[in-house]
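Chain by chain, the residues run as shown.
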Amino acid sequence: MLFRILKNSFLKRPKAIFLIFLSIAMGSAVATAFLGIAGEISHKMALELRSYGANILIEPSAAEGGGFLREEDLPKIKTVFWKYNITGFTPYLFGIAEFSAGGRKERGVVSGTWFTKQLEVPGEEFSIQGIKGIAPWWEVQGRWPEDADEAIIGASLAKRLNISSGSDVTTIVRGGNQKFRIVGVVTTGGYEEEQLFAPLVTVQSLLQQQGKVSRVQVSALTVPMDDFGKKDPTTMTKDEYEKWYCTAYVTSVAKNVEEVMAGSRAKPIWQIASAEGALLKKLNSVMLLLTVLALGASATAVSTSLMASMAERSPEIALMKAIGADRFQISSIFIGETLIISLAGGVSGYLLGGQLAELISRTVFNSTIASPLWLFPTAIISAFVVAIAGSIVPLRRALLIEPVTVLKG
Amino acid sequence: MSENIIETNGLTRNYGDICALKPLDLQVPEGEWLSVMGHSGSGKSTLMNLVGGLDRPSAGSLRVGGKDLLALTEDGLARFRRESVGIIFQQHHMVPYLTAVENVMMAQYFHSVPDEAEARSALERVGLGHRLKNRPGELSGGEQQRVCIARAIINSPKLLLGDEPTGNLDHKSTIMVMELLKELRAEERFTVIMVTHNQEVAAWGDRTIYLDDGVLVREERTAG
Ligand SMILES: Nc1ncnc2c1ncn2[C@@H]1O[C@H](COP(=O)(O)OP(=O)(O)OP(=O)(O)O)[C@@H](O)[C@H]1O
Ligand SMILES: [Mg+2]
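Residues numbered from 1 in each chain as written. Chains lettered and ligands numbered in written order. Predicted model: local features only at pLDDT ≥ 70, side-chain atom pairs only at ≥ 80, totals over all residues. Heavy atoms only, no water.

**Structural notes on the pairing of strand β1 (residues 56-60) of chain A**
Residues and elements named next belong to chain A.
Here is step 1 of the chain: β1 sits mainly inside the fold: five of its five residues count as buried.
Here is step 2 of the chain: The pairing of β1 with strand β13 (residues 215-220) spans three bridges and is classified as antiparallel. Counterpart to I58 in the pairing with β13 is V216.
Here is step 3 of the chain: Of the pairings in the sheet, the one linking β1 to strand β14 (residues 264-268) comprises five bridges and is antiparallel in character. Among the inter-strand pairings, I56 is bridged to a residue of β14, identified as P268. (Buried < 20%, exposed > 50% of the residue type's maximum accessible area, 1.4 Å probe, protein only. Helix = DSSP H or I, 4+ residues; strand = E, 2+ residues; numbered from the N terminus. Pairing = 2+ DSSP bridges.)

Following this line, the structure appears as structure tokens:
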């Protein structure tokens, strides 16, 4: 009978029902779309943020600073537990040098590094590592070095030497010198502008430090630090440690890398890591807030439509009460109605939201996403939540209707 | 001597300063057909609503079918209405989107379980066997009122209340409805209280009470 009442009431008022359905479907669609792309957005944003600098620095563990890391350990970085989170890395070998060009002499730092190193690690995906990958904001006037005797020079060092692309610079260190052809002048906005960057092998032989590296910069996708992540791993229980190790905190990824680099100490670059975490956290709260607002807006719309139809239906409600319907029976009619509409609204919201998520993903990130399965229950539940929230006030109003006043004879 | 189905003592209903029903002592024996008359605003509907459990008195006591209505909660009153009372209004109050038979079944649904066959035979009893699937908009006023009667008696109430049930009907339909009620009462033995402005309609009852400004001023037994 309840079903008959609901069916006929639906057929009788298609417009009102459609409006409510629409409000619910919209709210659920927006919620679905937002939640669907939230993961994607975080991921894409994190990737984007990775282009603003490495967030892990690996140094020799020896405190006095005289130690070195071994170049031969570098490929192992591509084999660690968190290897898929490591988007790039590059080694550096530093030396103090005197640069001479066109009669001028200036002191500065010569830095051996990888520019675009093709890294082949057995059993792992082929990858290209080096500065170009982890510091995409470097502005090179000219081009990147390709040969062993080519180099790029920091803008302020170049200014002091009064040279530009095409010049030759002789780099003199104790016990040797090397002539570099400058192929580019680099602007970074940082201390790098005082350095000369040349291929790692060349600098290693110049400094007579074959196979050695002073430090490694690593860029890794990490999750924002939370209270648990901030705990000191040495004080954790076995289970906690496992959980910590298996969460992509910047500290656990650093730990991961440290384990494969002999004699190393890896530490997060906190300015970057925490700024990034804060940004991602904000992004997530904005997404959540927008979702809640969208749901709130559609609940309000549902409430308004229900209120309107409630006014129109008060004689019918009064009549039902007069012939003995109690509050539970009246409520089940209205809740039944909204639940049926919200089920339909949830299904449409899911389909619509999936499309919306895909559209956003395509236009904003140029990629497609597969709607995860959990979005379906999410859409249905958000539709129910909207429907229930939107029904509270109208239902209370319905329960307050007095048959005597409405059915005055 | 039969039991009284209704007993009131100092039954009063105020609306703010307005005293719609002044302290009223009324006894209605089980099975009686009581007509209530009085000019507009005299408190007839107020009395009906109180007796039918649709409204609560301001003072006094009210027992219907052995139940103290003042002691019942809101849902308790709803239960009392669906189990013990059948109500017919002046306006033919049907749910507009339900058919005749569904309107009757709705009362069964609120009471216990809907039974389409029983609802159908109730409509046949009021002479509407051929209009089962029609909605209120497709029924005449008299026909709608007969649907309401079928709905009012479907749960075998002890008490049938009519607040000017024939007020909107022409003479012929009025006679039809009254005869129907008389027949049904003969079979079901329920008590009838009926408000009317029509002397002729009042004469169908066993007894008529007259209200004036919320006071019972006169009562008379119908001759014969
Ligand atoms: N909800 C209310 N609020 C205030 N006053 C009311 C209310 N309901 C009824 N009254 C007043 O109570 C008095 C009795 O009203 P009631 O409806 O019982 O009259 P009635 O005898 O049924 O009249 P009629 O024949 O016109 O239906 C009237 O003066 C009316 O104005
Ligand atoms: Mg009245």
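Now, onward.
**Quick word on the domain arrangement of chain A**
Residues and elements named next belong to chain A.
Here is step 1 of the chain: For chain A, the domain assignment lists domain 1 (2-46 + 278-407) and domain 2 (55-268).
Here is step 2 of the chain: Between domain 1 and domain 2, the C-alpha centre-to-centre distance is 54 Å.
Here is step 3 of the chain: Taken residue by residue, the interface counts four residues in domain 1 and four residues in domain 2.
Here is step 4 of the chain: Summed over both sides, the interface between domain 1 and domain 2 buries roughly 320 Å², with carbon and sulfur atoms accounting for 74% of that surface.
Here is step 5 of the chain: When the area that domain 1 buries against domain 2 is broken down by residue, the three leading residues are A46, L280 and K281, summing to 76%.
Here is step 6 of the chain: The interface formed by domain 1 and domain 2 includes one residue pair in polar contact (both at pLDDT 80 or more).
Here is step 7 of the chain: Of all the elements in the fold, those that place two or more residues in the side of domain 1 that touches domain 2 are α2 (14-50) and α9 (270-322).
Here is step 8 of the chain: Along the lines of polarity and charge, the residues of the side of domain 1 that touches domain 2 split into two nonpolar, one polar and one charged. (Domains from an automatic or database assignment. Contact = heavy atoms within 4.5 Å. Buried area = accessible area lost by both parts, 1.4 Å probe. Polar contact = N/O pair within 3.5 Å; in protein donor to acceptor, adjacent residues only side chain to side chain. Nonpolar A, V, L, I, M, F, W, Y, C, P; charged D, E, K, R; others polar.)

**With respect to helix α4 (residues 116-125) of chain B**
Residue and element names in this part refer to chain B.
Here is step 1 of the chain: When we look at burial in α4, the residues that qualify are A119, A122 and L123. Projected down its long axis, α4 shows its buried positions confined to an angular sector of 95°, all on one face.
Here is step 2 of the chain: Where α4 starts, the residue carrying a side-chain oxygen 3.1 Å from the main-chain nitrogen of A117 turns out to be D115. (Arc of directions from axis to C-beta.)

**Remarks on the packing of aromatic side chains**
Here is step 1 of the chain: On inspection of all chains with the given rule, the structure shows 13 aromatic pairs over all chains.
Here is step 2 of the chain: Ring geometry for A:F228 and A:Y249: centres 6.5 Å apart, planes at 50°, overall tilted. Here A:F228, found in helix α6 (residues 227-230), pairs with A:Y249, found in the loop between α7 (238-245) and α8 (250-260); they are 21 residues apart in sequence, far enough to count as distant. A:Y249 carries the same exposure label as A:F228, and that label is buried.
Here is step 3 of the chain: The ring of B:Y210 carries B:R218 above its face, with NZ or CZ at 3.9 Å from the centroid. (Phe/Tyr/Trp six-rings, centres within 6.5 Å; stacked < 30°, edge-to-face > 60°. Lys NZ or Arg CZ within 6 Å of the ring centre and 35° of its normal.)

**Thoughts on the confidence of the model for chain B**
Here is step 1 of the chain: The pLDDT averaged across chain B works out to 93; a share of 98% of its residues lies at or above 70.
Here is step 2 of the chain: Taken together, the chains of this predicted complex give a pTM of 0.72 and an interface ipTM of 0.94. (pLDDT = per-residue confidence, 0-100.)

**Some words on the side chain of A:R13**
Here is step 1 of the chain: Structurally, A:R13 is set in the loop between α1 (2-12) and α2.
Here is step 2 of the chain: Assessed through its relative accessible area of 9%, A:R13 is described here as buried.

**Overview of the site of ligand 1**
Residue and element names in this part refer to chain B.
Here is step 1 of the chain: Taken together, 14 residues lie near ligand 1, and S40, G41, K44, S45 and T46 sit nearest.
Here is step 2 of the chain: Contact distances for ligand 1 include 3.2 Å between an oxygen atom and a backbone N or O atom of S42.
Here is step 3 of the chain: Measuring from an oxygen atom of ligand 1, one finds a side-chain N or O atom of S45 at 2.7 Å.
Here is step 4 of the chain: Against a free-state accessible area of 640 Å², the protein chains account for coverage of 69% of ligand 1. (Near = heavy atom within 4 Å. Areas by Shrake-Rupley, 256 points an atom, 1.4 Å probe, with all protein chains shown as cover.)

**Topic: the interface of chain A and chain B**
Here is step 1 of the chain: Taken together, the contact pairs 27 residues of chain A with 30 residues of chain B.
Here is step 2 of the chain: Counting each side, the surface lost to burial between chain A and chain B is near 2700 Å², with a carbon and sulfur contribution of 61%.
Here is step 3 of the chain: Summed over the shared surface of chain A and chain B, the result is four salt bridges.
Here is step 4 of the chain: The shortest N-O distance in the salt bridge between A:R4 and B:E116 comes to 3.3 Å.
Here is step 5 of the chain: Seen at the junction of chain A and chain B, the total is 12 residue pairs in polar contact (both at pLDDT 80 or more).
Here is step 6 of the chain: Elements supplying a minimum of two residues to the side of chain A that touches chain B: α1, α9, α10 (327-365) and α12 (403-406) of chain A. (Salt bridge = Lys/Arg side-chain N within 4 Å of Asp/Glu carboxyl O.)

**As for the sheet that holds strand β8 (residues 191-195) of chain B**
All names here are of chain B.
Here is step 1 of the chain: One open sheet holds the six strands; their spatial order is β6-β7-β8-β3-β9-β10, and the pairing between them is mixed. Both edges of this open sheet fall to β6 (85-88) and β10 (215-221), since each of them pairs with a single strand only. Each adjacent strand pair in this sheet contributes to an overall mean axis angle of 15°, direction not counted.
Here is step 2 of the chain: Summarising the sheet, β6 and strand β7 (residues 159-163) pair through four bridges and their orientation is parallel. In the strand pairing of β7, I88 is matched with G162.
Here is step 3 of the chain: Where helix α1 (residues 44-51) meets the sheet, its contacts fall on β3 (33-37), β7, β8 and β9 (207-212), and the angle it forms with β7 comes to roughly 155°. (Axes fitted to C-alpha atoms, helices over the stretch in contact; angles between N-to-C directions.)

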